[in-house]
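Residue strings, one per chain:
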Amino acid sequence: MRTTAEHTAAIHDKRMAAVVVNTRSLRGRRRYPEALRLLRAGGFRLTGVHAVTGPARLRESITRALADEPDLLIVGGGDGMLSSSIEHIAGRDVALGVLPLGTTDDFARSLGLPLDLAGAIRALAGGKVADIDLGMCGDRPFVGLTSFGVSVEVAGTVKPLVKRALGRVAYPLTAMRILPGHRPFRAFVTVDGVRHELLTHQLNIANGRHHGGRQIAKDAGIDDRGLVAYQLGSGKWLRLVGETLVRATTGKWRSLAGGPFVTGGEMLVETDPPMAADIDGEVRLRTPLLIRTIPGGVRVMVPADFVDT
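Note that the coordinates shown come from a computational prediction; the quantities given were computed from them, not determined experimentally.

Calculation notes
- Along each chain, numbering runs from 1 in the same order as the chain's sequence is written.
- Confidence filtering applies because this is a predicted model: local features only for residues at pLDDT of at least 70, side-chain atom pairs given and counted only at 80 or more, and all residues used for totals across whole chains, interfaces and linings.
- Only hydrogens and water are removed before side-chain values are computed, so all heavy atoms of the structure are retained for them.
- Burial classification: accessible surface area is computed with a 1.4 Å probe over protein chains only, and a residue below 20% of its type maximum counts as buried, one above 50% as exposed, and the rest as partly exposed.
- The numbering of helices and of strands both runs from the N terminus, where a helix is a DSSP run of H or I of at least 4 residues and a strand a run of E of at least 2.
- Any two residues having at least one pair of non-hydrogen atoms within 4.5 Å are treated as being in contact.
- Angles here are taken between N-to-C directions and fall from 0 to 180 degrees, while the axes themselves are lines fitted to C-alpha atoms, restricted in helices to the stretch in contact.
- In this scheme the handedness of a crossing depends on how the near helix is turned from the far one: anticlockwise by less than a right angle means left-handed, clockwise means right-handed.
- In this classification, the charged set is Asp, Glu, Lys and Arg, the nonpolar set is Ala, Val, Leu, Ile, Met, Phe, Trp, Tyr, Cys and Pro, and all remaining amino acids, among them Gly, are polar.
- A pairing counts as a salt bridge when a side-chain nitrogen of Lys or Arg comes within 4 Å of a carboxyl oxygen of Asp or Glu.
- Paired strands, in this sense, are two strands between which DSSP finds at least two bridges.

Novice: Can you walk me through helix α6 (residues 117-126) in this structure?
Specialist: An α-helix turns once every 3.6 residues. As a result, residues three or four positions apart point the same way. Burial within α6 is extensive, with seven of its ten residues counted as buried. Those residues of α6 that fall on the buried side of the exposure criterion are L117, G119, A120, I121, A123, L124 and A125. Looking at the buried positions of α6, the neighbouring elements they touch are α1 (4-14), α2 (26-41), β3 (72-77), β4 (95-100) and β18 (289-302).

Novice: Can you walk me through the packing of α2 against α6 in this structure?
Specialist: Describing two packed helices takes the angle between their axes plus the distance from one axis to the other. At a closest axis distance of 10 Å, the pairing of α2 and α6 adopts a crossing angle of 35°. Considering only the axes of α2 and α6, their crossing is right-handed. Across the interface between the two elements, R31, E34, A35, L38 and L39 of α2 pack against L117, A118 and I121 of α6. The residue makeup of the contact of α2 with α6, split by class, is six nonpolar, no polar and two charged.

Novice: Is there a simple way to explain the pattern of salt bridges in this structure?
Specialist: Two side chains of opposite charge can pair, provided their charged atoms sit close to one another. Under the defined criterion, the tally for this structure stands at twelve salt bridges. Ionic pairing is found between E34 and R31, a salt bridge with its closest N-O pair at 2.8 Å. In this pair, E34 and R31 are both assigned in helix α2, three residues apart and thus about one turn of the helix distant. A residue is classified by how much of its surface remains accessible, and E34, at 28% relative accessible area, is partly exposed. Judged by its relative accessible area of 23%, R31 is partly exposed. Of the charged contacts, one joins R195 and E270 as a salt bridge, the two residues approaching to 3.3 Å between their closest N and O atoms.

Novice: Can you walk me through the pairing of β18 in this structure?
Specialist: Both faces of the sheet carry side chains from a regular strand, because those side chains alternate between them. Across nine bridges, strand β5 (residues 128-137) lies against β18 in antiparallel orientation. Opposite L134, over in β18, you have I294 as the bridge partner.

Novice: Hey, could you run me through the pairing of strand β17 (residues 282-286) in this one?
Specialist: Where strand β16 (residues 276-279) lies against β17, four bridges are found, and the strand directions are antiparallel. By the bridge assignment for β17, I279 is matched with E282. A loop of two residues connects β16 with β17, the two strands running antiparallel in sequence, and D280 in this loop sits at a positive phi of about 50°.

Next comes the structure, spelled out in structure tokens:
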């Protein structure tokens, strides 16, 4: 495995990259030709170009893309697409480049990437390679967030047309429609032998810095070897609505030291009753679940001013 400095030099020198884009989504399909044009204009030599038209084709597309041994694998899509891609490159001598083509693009935000296509590609062309933490929920990797409660119902309820029309606002609007009939659940989070109990409608376990397009806390990071667990609201759904609206409109997120957060590199999550997990927008697995980080588990391309910790 090359050092990050050696890997960065190779990308800047040879500009060898493979591209995989989720063209099943409307945004991905529309921006696909523009992305290829901008990448080539940025000096990238594309060893392979792969349009993914469905989840079943992702593994095949990434396998073919990696067969050419590019220094950089550029993936265009949302957090779910990126999360599914991560497992194929984790621990390998290839860096992931991100084209933010999703609804909230929390992973791109956590990396400090511009959210416009041209800006993101400029960051890939002039950026550097960094090793960041890989989240693991059971045996499933994730790049941003594993959550329990309302989010699972929202993920299965929000309409694709609404997502395309409203963007990230579609999620809180759908949640507020679901909440009046949603029953709170009891969750237990065990970290370093200490068992934390809470009654809530929503429990989040974050690996990155952002959730729903907003910063979780000023000092949360994606390469700090830790997870952040926090609830939204208590057992009262009106409190959850209030907290969500305040955070969404003001963007005021507290420090990890001053907020109601539980932090650690490994967490055992149990719920009563057992619940499904929303892993970067994909509903998978059920509690109890062991959630942990693999420090430096995945290699990514980040802006040159990204601060490594």
